[in-house]
Amino acid sequence: MRRLLCIALFSLCLARLGMAQESPAAPDATAAARVVVVRARVLIDGTSAQPKANQEILIQGDRIIAVYAAGTRPPPVGAKVLELGNATVLPGLIDCHTHIFLQGEVPAAGGYDIQLLKFPASYRVARAGVAARRALEQGFTTIRDVETEAAGYGDVGIKQAIHEGYIPGPRMFVATRSISTTGGYPLEGYAPEIVVPKGAQLIDGPVEARKAAREQLDNGADWIKVYMTHRSWVDEQGALVSQPTLTVEELKAIVDETHGWRKKVACHAYNGIGLQRALDGGCDSIEHGLELTDAQIAQMVKQGTWLVPTLAVYYHDPDPPGTPGGIRDRKRVAVHGVSFQKALRAGVKIAFGTDVGGFPWSEPIAQEFPRMIEFGMTPMQAIQAATSRAAELLGKRGELGAIAPGAYADLIAVAGDPLADVGELKNVAFVMKEGSVFRSTLPSAGN
Ligand SMILES: [Zn+2]
């Protein structure tokens, strides 16, 4: 955006000097003027209830200019035509819950702790760059990355490097360090005498809470992420319990500050007291929401609170059956699906999120789609959760997650029909971000 502004100002200066006609077009100006027509045999536009057949998408620079029935307009002179054959074209996907600075929490590979204790910062940054590229390769053209796990403001730099074109990756909304309380986040379990890094910025009291939010916002946070619950276990009655962290007063200080900056607060919350405080404190999105009561669902509908469920991640690496961790892991999965179904039926706003990074980036991000369908969404609802609905959560309705005039030209294509088999979204064959083709394995997608 800033670059466009510079070009615009530069052009204005040239025009004033009467030089505009003679000066050669700058490379950026050429990109801005580039016209592409994408032919889609089947188009899922991110907002319509049904797919459309035989459409053409007219793109200029980084934006979509028009969408119309194929053959009803001649391509503009000089336009490049991309013929995508029988593929289904969709908006670039959006994952609202990622961690590019986490590389899975596989116990055999050292789990979470090794990443904070033994990985050099430069190594973590390098792998975050690979993770970002992995997201884009899989058709995720936008992510909301919800904290760096002791990698400070590393996400701000990765976002900048992507934005300036130095490395490939999705458009990023970043949460930087995140906030929890003393006793509310790892690393933990070490001798009290040893100072270990913490994966989140820990605060106690509303003053510290507000200060942490201010620091993070000042250093580039697009969102503030708060941990409203921490440890979880199954109690004597067989119920899932999660330890609450921030008080309502602490959370309210963060929400008030963040909303003042016209930004939003994402709250990790499993269930119980912590989840209730998240709602009472005014969180904009509940992350995970493993076990929502009917009253909490009603409160979410009333307040317009989003749910970013991250279903699939809880099926990864459960502890052995019969162990406390194993009992907890199976209970989480059991309550989560039911909770999702109830929220869906009640009309809670649901956006797609995976917690990738919590599981390795080598795995398909799109594994979340079949879980959403297993628990009651139609394939179209699941796709919209990862496109237009996610865009709405990000405050970018109409600009992201839609194939419509005015939206960014973020397009993907899959060879088959994702409405018949949502697993098709694990094999994205064509990715365009802001009008530039990042990858294509479609034989007919050449020039
Ligand atoms: Zn997460």
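Note that the coordinates shown come from a computational prediction; the quantities given were computed from them, not determined experimentally. (Residues numbered from 1 in each chain as written. Predicted model: local features only at pLDDT ≥ 70, side-chain atom pairs only at ≥ 80, totals over all residues. Heavy atoms only, no water.)

A.B. asks: Describe in detail the overall build of the protein chain, supporting the description with residues and values.
C.D. replies: Summing up its helical and strand segments, the protein chain has 13 helices and 20 strands in all. Against the globule reference of 22 Å for 447 residues, the protein chain gives a C-alpha radius of gyration of 23 Å, in line with a compact fold. Seen through its C-alpha atoms, the protein chain measures out along the principal axes to roughly 75 × 50 × 45 Å. When each of the 447 residues of the protein chain is scored for burial, the buried share is 50%. A fraction of 69% describes how many contacts in the protein chain between residues 6 or more apart in sequence connect residues 24 or more apart. (Helix = DSSP H or I, 4+ residues; strand = E, 2+ residues; numbered from the N terminus. Rg over C-alpha atoms; globule rule 2.2 N^0.38 Å. Buried < 20%, exposed > 50% of the residue type's maximum accessible area, 1.4 Å probe, protein only. Contact = heavy atoms within 4.5 Å.)

A.B. asks: Please set out the coordination of the zinc ion residue by residue, giving values where relevant.
C.D. replies: Within the protein, the zinc ion binds to His-97 (NE2), His-99 (NE2) and Asp-355 (OD); these donor distances fall in the range 2.1 to 2.2 Å. For the zinc ion, the single-chain donor residues occur in sequence as H-x1-H-x255-D. One exposure class covers both His-97 and His-99, and it is buried. (Donors = N, O, S within 2.8 Å, 3.2 Å for Na, K, Ca; no water.)

A.B. asks: Kindly report on the packing of helix 8 (residues 272-280) against helix 9 (residues 294-303), identifying the contributing residues and their values.
C.D. replies: Pairs of packed helices are described in terms of their axes, by the angle between the two and the distance that separates them. One way to put it is that helix 8 packs onto helix 9 with a least axis distance of 10 Å and a crossing angle of 20 degrees. Here helix 9 runs roughly parallel to helix 8, going by the angle between their axes. For the element pair helix 8 and helix 9, the recorded crossing hand is left-handed. Residue-level inspection shows Gly-272, Leu-275, Gln-276, Leu-279 and Asp-280 of helix 8 in contact with helix 9, the latter providing Gln-296, Gln-299, Met-300 and Gln-303. Of the residues contributing to the contact of helix 8 with helix 9, the split by class is three nonpolar, five polar and one charged. (Axes fitted to C-alpha atoms, helices over the stretch in contact; angles between N-to-C directions. Parallel < 35°, antiparallel > 145°, perpendicular 65-115°, else oblique. Left-handed = near helix turned anticlockwise from the far one by under 90°. Nonpolar A, V, L, I, M, F, W, Y, C, P; charged D, E, K, R; others polar.)

A.B. asks: Requested: an account of the confidence of the model for the protein chain, with residues and values cited.
C.D. replies: Scored by pLDDT, the protein chain comes out at a mean of 93, with 93% of its residues at no less than 70. Low pLDDT, under 50, characterises residues 1-27; the stretch is placed with nine contacts to residues that sit more than four places away or in other chains. (pLDDT = per-residue confidence, 0-100.)

A.B. asks: Account for the state of the cysteines, naming residues and giving values.
C.D. replies: Overall, the coordinates contain one disulfide when judged by the stated rule. With a sulfur-sulfur separation of 1.8 Å, Cys-267 is cross-linked through a disulfide to Cys-283. One quick way to see it: the torsion about the S-S bond of Cys-267 and Cys-283 is about -50 degrees, and its sign makes the bridge left-handed. With Cys-267 in strand 14 (residues 264-269) and Cys-283 in the loop between helix 8 and strand 15 (285-288), the pair connects residues that are 16 residues apart, well separated along the chain. Comparing Cys-267 with Cys-283 shows no difference in burial state: the two are buried. Among the cysteines around Cys-96, which has no disulfide bond, Cys-267 carries the closest sulfur, lying 15 Å off. (Disulfide = S-S within 2.5 Å.)

A.B. asks: Give a detailed account of the sheet that holds strand 7 (residues 140-145), specifying residues and quantitative values.
C.D. replies: Where strands meet in a sheet, backbone hydrogen bonds hold them as pairs that are either parallel or antiparallel. What the three strands build is an open sheet, ordered 6-7-8; its pairing is parallel. Looking at the sheet topology across the chains shown, the edges are occupied by strand 6 (93-98) and strand 8 (171-174). Here the average twist between neighbouring strands, direction ignored, is 15 degrees. Bridge analysis of strand 6 against strand 7 gives four bridges, and the strand direction is parallel. Looking at the pairing, Asp-95 lines up with Ile-143 of strand 7. Its contacts with the sheet place helix 5 (residues 154-163) against strand 7 and strand 8, and it is angled at close to 160 degrees to strand 8. (Pairing = 2+ DSSP bridges.)

A.B. asks: Tell me what's going on with unusual backbone geometry, and back it up with residues and numbers.
C.D. replies: Note that the residue after Pro-186, namely Leu-187, is joined by a cis bond; omega there is 10 degrees. A positive phi angle, near 60 degrees, is found at Arg-262, a position not held by glycine. Among the secondary structure elements, Arg-262 is positioned in the loop between helix 7 (248-260) and strand 14.

A.B. asks: Can you tell me about helix 5, naming the residues and giving the values?
C.D. replies: Along helix 5, the residues classified as buried are Asp-155, Ile-158, Ala-161 and Ile-162. Here the buried residues of helix 5 occupy an arc of 125 degrees about the axis, which is enough to place them on one side. Where helix 5 is buried, its residues touch helix 4 (121-137), strand 7, strand 8 and strand 19 (428-433). Where helix 5 terminates, the next one or two residues include Gly-165, which has phi positive at roughly 85 degrees. (Arc of directions from axis to C-beta.)

A.B. asks: Can you tell me about the side chain of His-288, naming the residues and giving the values?
C.D. replies: Its place among the elements puts His-288 in strand 15. Side chain to side chain, His-288 and Thr-310 meet in a polar contact 2.7 Å long. Sequence-distant contacts of His-288, defined by excluding residues within four places in its chain, comprise His-97, His-268, Ala-269, Tyr-270, Leu-307, Val-308, Pro-309, Thr-310, Tyr-314, His-336 and Asp-355. (Polar contact = N/O pair within 3.5 Å; in protein donor to acceptor, adjacent residues only side chain to side chain.)

A.B. asks: Tell me about the packing of aromatic side chains, and please be specific about residues and values.
C.D. replies: In the structure shown here, the tally under the stated rule is five aromatic pairs. Plain terms: the ring middles of Tyr-185 and Tyr-227 are 4.4 Å apart, the flat faces sit at 55 degrees to each other, and that makes the pair tilted. Here Tyr-185, found in the loop between strand 9 (179-181) and strand 10 (201-203), pairs with Tyr-227, found in strand 11 (residues 223-227); they are 42 residues apart in sequence, far enough to count as distant. Members of the aromatic cluster, connected to one another through ring pairs, are Phe-140, Phe-352 and Phe-369. (Phe/Tyr/Trp six-rings, centres within 6.5 Å; stacked < 30°, edge-to-face > 60°.)

A.B. asks: Summarise the pattern of salt bridges; cite the residues concerned and give the values.
C.D. replies: Once the charged atoms of two side chains with opposite charge are near each other, the side chains can pair. Evaluation of the coordinates by the stated rule reveals 21 salt bridges. In this structure, Glu-374 engages Arg-371 in a salt bridge whose closest nitrogen and oxygen atoms are separated by 3.0 Å. Remark: Arg-371 and Glu-374 occur in helix 11 (residues 368-374); sequence separation between them is three residues, near one turn of the helix. Residue Arg-371 is classed as partly exposed on the basis of its relative accessible area, which comes to 23%. A network of salt bridges, in which partner residues are shared, links Arg-210, Arg-214, Asp-256 and Glu-257. (Salt bridge = Lys/Arg side-chain N within 4 Å of Asp/Glu carboxyl O.)

A.B. asks: Lay out the pairing of strand 5 (residues 88-91) with the relevant residues and their values.
C.D. replies: In the case of a regular strand, side chains alternate between the two sheet surfaces. With two bridges joining them, strand 1 (residues 35-43) and strand 5 adopt parallel strand pairing. The residue bridging Val-42 from the neighbouring strand is Thr-88, located in strand 5.

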